[in-house]
2 protein chains.
Amino acid sequence: MSKQLNLNQTAAFLQAAEDVLILTHAHPDGDTLGSGFALLRGLRSLGKRVRLFCPDEIPPKFSFMADAIKFEHYKPQVIISVDIAARKLLGDSADDFPVIHLAIDHHAANESYAENAYIDSTAAAAAELIFNLLCQLNAPITPAIADCLYSGISTDTGCFRYSNTTAQTMRITASLLEYGARAAELNRRYFETKRKAYFAFERMALEGLRVLERGRYAVTVLTRAMYDECGANDDEAEQIAAIPRQVEGVLIGATLKERKHGGFKVSLRTYAPADASAIAKALGGGGHTRAAGCIIDNKCVNEAQELLLAAVREELTRMK
Amino acid sequence: MSKQLNLNQTAAFLQAAEDVLILTHAHPDGDTLGSGFALLRGLRSLGKRVRLFCPDEIPPKFSFMADAIKFEHYKPQVIISVDIAARKLLGDSADDFPVIHLAIDHHAANESYAENAYIDSTAAAAAELIFNLLCQLNAPITPAIADCLYSGISTDTGCFRYSNTTAQTMRITASLLEYGARAAELNRRYFETKRKAYFAFERMALEGLRVLERGRYAVTVLTRAMYDECGANDDEAEQIAAIPRQVEGVLIGATLKERKHGGFKVSLRTYAPADASAIAKALGGGGHTRAAGCIIDNKCVNEAQELLLAAVREELTRMK
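Residues numbered from 1 in each chain as written. Chains lettered and ligands numbered in written order. Predicted model: local features only at pLDDT ≥ 70, side-chain atom pairs only at ≥ 80, totals over all residues. Heavy atoms only, no water.

Participant: Kindly report on a negative patch on the surface, identifying the contributing residues and their values.
Facilitator: A surface patch of negative charge is lined by A:Asp56, A:Glu57, A:Asp92, A:Asp95 and A:Asp96. Its place among the elements puts A:Asp56 in the loop between β3 (50-53) and β4 (78-82). (Patch = residues over 30% accessible without salt bridge, like charges linked within 9 Å, V, L, I, M, F, W, Y side chains within 5 Å. Areas by Shrake-Rupley, 256 points an atom, 1.4 Å probe, with all protein chains shown as cover. Salt bridge = Lys/Arg side-chain N within 4 Å of Asp/Glu carboxyl O. Lys, Arg positive; Asp, Glu negative; His and termini not counted. Charge placed at Lys NZ, Arg CZ, Asp CG, Glu CD. Helix = DSSP H or I, 4+ residues; strand = E, 2+ residues; numbered from the N terminus.)

Participant: Please set out the nonpolar core residue by residue, giving values where relevant.
Facilitator: Counting residues in each nonpolar core, the largest one holds 110 residues, and the members touching the most others are A:Leu39, A:Ile104, A:Leu176, B:Leu39, B:Ile104 and B:Leu176. When near neighbours in sequence (up to four residues on either side) are disregarded, B:Leu176 contacts B:Phe131, B:Ile141, B:Ala146, B:Leu149, B:Tyr150, B:Ile153 and B:Ala181. Counting 36 residues, the second-largest nonpolar core is a separate cluster that includes A:Ile240, B:Phe199, B:Leu222 and B:Met226. (Core = buried A, V, L, I, M, F, W, Y, C linked by side-chain atoms within 4.5 Å. Buried < 20%, exposed > 50% of the residue type's maximum accessible area, 1.4 Å probe, protein only. Contact = heavy atoms within 4.5 Å.)

Participant: Quick rundown of the sheet that holds strand β3 (residues 50-53) of chain B? Include the residues and the values.
Facilitator: Residues and elements named next belong to chain B. Strand order across the open sheet formed by six strands is β1-β6-β5-β4-β2-β3, with parallel pairing between neighbours. The strands lining the two open edges of the sheet, one partner per strand, are β1 (3-4) and β3. Where strand β2 (residues 20-23) meets strand β4 (residues 78-82), four bridges bridge the pair, whose relative direction is parallel. Considered in β4, the bridge of Leu 21 is made with Ile 79. The strands that helix α2 (residues 30-45) touches are β2, β3, β4 and β5 (102-105); relative to β3, the one it contacts most, it runs at about 170 degrees. Where helix α3 (residues 126-136) meets the sheet, it contacts β4, β5 and β6 (116-119), and its direction lies at approximately 115 degrees from that of β5. (Pairing = 2+ DSSP bridges. Axes fitted to C-alpha atoms, helices over the stretch in contact; angles between N-to-C directions.)

Participant: Just give me the short version of the interface of chain A and chain B, but keep the residues and values in it.
Facilitator: Each partner contributes residues to the interface: chain A has 38 residues there, and chain B has 36 residues. Remark: the boundary between chain A and chain B carries four salt bridges. In this structure, B:Arg161 and A:Glu192 form a salt bridge, with 2.5 Å as the shortest nitrogen-oxygen distance. Of all the elements, helix α5 (residues 167-178) of chain A adds the most residues to the side of chain A that touches chain B, at eight residues. Its residues placed into classes, the side of chain A that touches chain B shows 17 nonpolar, eight polar and 13 charged. (Nonpolar A, V, L, I, M, F, W, Y, C, P; charged D, E, K, R; others polar.)

Participant: Describe the layout of surface pockets, and please don't skip the residues or the numbers.
Facilitator: Residue and element names in this part refer to chain B. Quantified by volume, the second largest pocket comes out at close to 160 Å³. In terms of lining, the second largest pocket is formed by Arg 224, Tyr 227, Asp 234, Ala 237, Glu 238, Lys 257, Glu 258, Arg 259, Lys 260 and Lys 265. Looking at the lining of the second largest pocket, the elements that each hand over two or more residues are α8 (224-230), α9 (234-240) and β9 (252-258). (1 Å grid on protein atoms, 1.4 Å probe; cavity = no way out; pocket = protein on both sides within 12 Å on 5 of 7 lines; lining within 4 Å. Points joined across faces, edges and corners; volume = space filled by probe spheres on them.)

Participant: Outline the packing of helix α4 (residues 143-156) of chain A against α5(A), listing residues and values.
Facilitator: Residues and elements named next belong to chain A. In contact at an axis separation of 9 Å, α4 and α5 are set at 150 degrees when each is read in the N-to-C sense. Relative to α5, α4 is oriented roughly antiparallel. The element α4 and its partner α5 pack so that their crossing is left-handed. Together, Ala 146, Leu 149, Tyr 150 and Ile 153 of α4 and Thr 169, Ile 172, Thr 173, Leu 176 and Leu 177 of α5 make up the contact between the two elements. Along the lines of polarity and charge, the residues of the contact of α4 with α5 split into seven nonpolar, two polar and no charged. (Parallel < 35°, antiparallel > 145°, perpendicular 65-115°, else oblique. Left-handed = near helix turned anticlockwise from the far one by under 90°.)

Written out as structure tokens, the structure reads:
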């Protein structure tokens, strides 16, 4: 079990930390990277040595966050994870960090893998927590930090569309705009720009989109053949995953993404009262109420869809 | 010329007003309706008689704003327009209101058609102005009013994506969430819900999407056959019109919409430095720098695309 810290205690922990290593999760998104690089820049401004480790390559659209950042070599004294709910989310590096001193996270399901944890599941993004911590530490919010934190919040809230968006989310974002976040430019990059490959991929996904269970469930499948024919990537598959739920009347949207070495990664998106995490848990996965996921291995596409449909039906029945 | 009022003067004007009629613009959107109904509810809570007139039918997605509102008959003493930049935007009703006592608007280009005007072009939506006025008047912001104002702000900012979104926009929205605006539900309705017909329409539009001029120009065609096969409507065609510009690297996006009785309506969307209005003007149309349109008549689809391409090339050349 982690020792649970509040905002002040976490700020004090960071104030005392020296020679820090920040960990972001594998398949890095805007929140883990935005939170990580904002924390790095903020702690450095307090005179600390800070490095950041990302288990996977940083997607090009987020690579600006690392601009002009150099990594010194030293033995980390304090290891901090940001936006990481479970050790396994470090991917291949999960075993490389036997001791993680502090987890800063907004997932209610954080698995308490760290010695200390600052968890606030009311936050839409870990970036909200980093903003509050940097303010508490009187670290200046530079335009570069504001861009990182804005990126974390905007990507985790679907640009303020999702139900996780709160008054605090909006007030923090107001401050970030005043601190110089380039919101319009970042929004264009994150939400308004897609590769040709994406549109070919989306067209195929729409061709395969099926609406079932009297219009309450929509599902599509992304096969390796589709990835290959379009040259689409996982990030683009993530964008596709938002589509099935958008069909009018649908409460549960699912996207089956065939994995390189077989099996399927399932992305679930729901609207109230449907619980995505309940469906994911039934298949050995997990996540949030409105967005969750699981892996279905050793099954052909039809078997995988049947398994998923059974779990979806359970949830639809529970809702009655 | 209108007499320009500031916030306090406008609040005083409203405080003194009795038997009010509020005008919204033709082809009503979320901001004119949200501002109008929020102002109506707020002034009624101060004990005033208030009616609202909308020149066109209220779109179903906004009709909830009028729920439980009854209109008494009386001769209006004070006529107030909301989100109306020019008298002609009253459509067929433009001549029915020779005297408009107050215009509340956020368009810099407001044509000063009213006796008094409260104009703040720094506001992303007229709804921001209504919020500030209701607070000034100590009118309670009920959940119903919060829904109306949230609708105005979210629809005019593309759910906080556009460059008109400011720190004030975010702070007002934070308050609206606390006052009970059903943001997630409204976002879902305005931004996340599409008919099955739309997805079929989009799939066809993507099939026909062509990227030309070394990746700087993208164009697609929506034929009547496509409208008919999908059962898609003009509103859905408008959503398609945003797609060509979203292709990475594209500066000019065009959508040719075949008209019921022949010819094509062209929607143009650009990113700097491309000027949509310049292209539209070359073809007898007009509009804004980033969004414009024109009609191409008496041409088959290929001729129409050639004409358009010639105008696009002119603009690409000008940009060099």
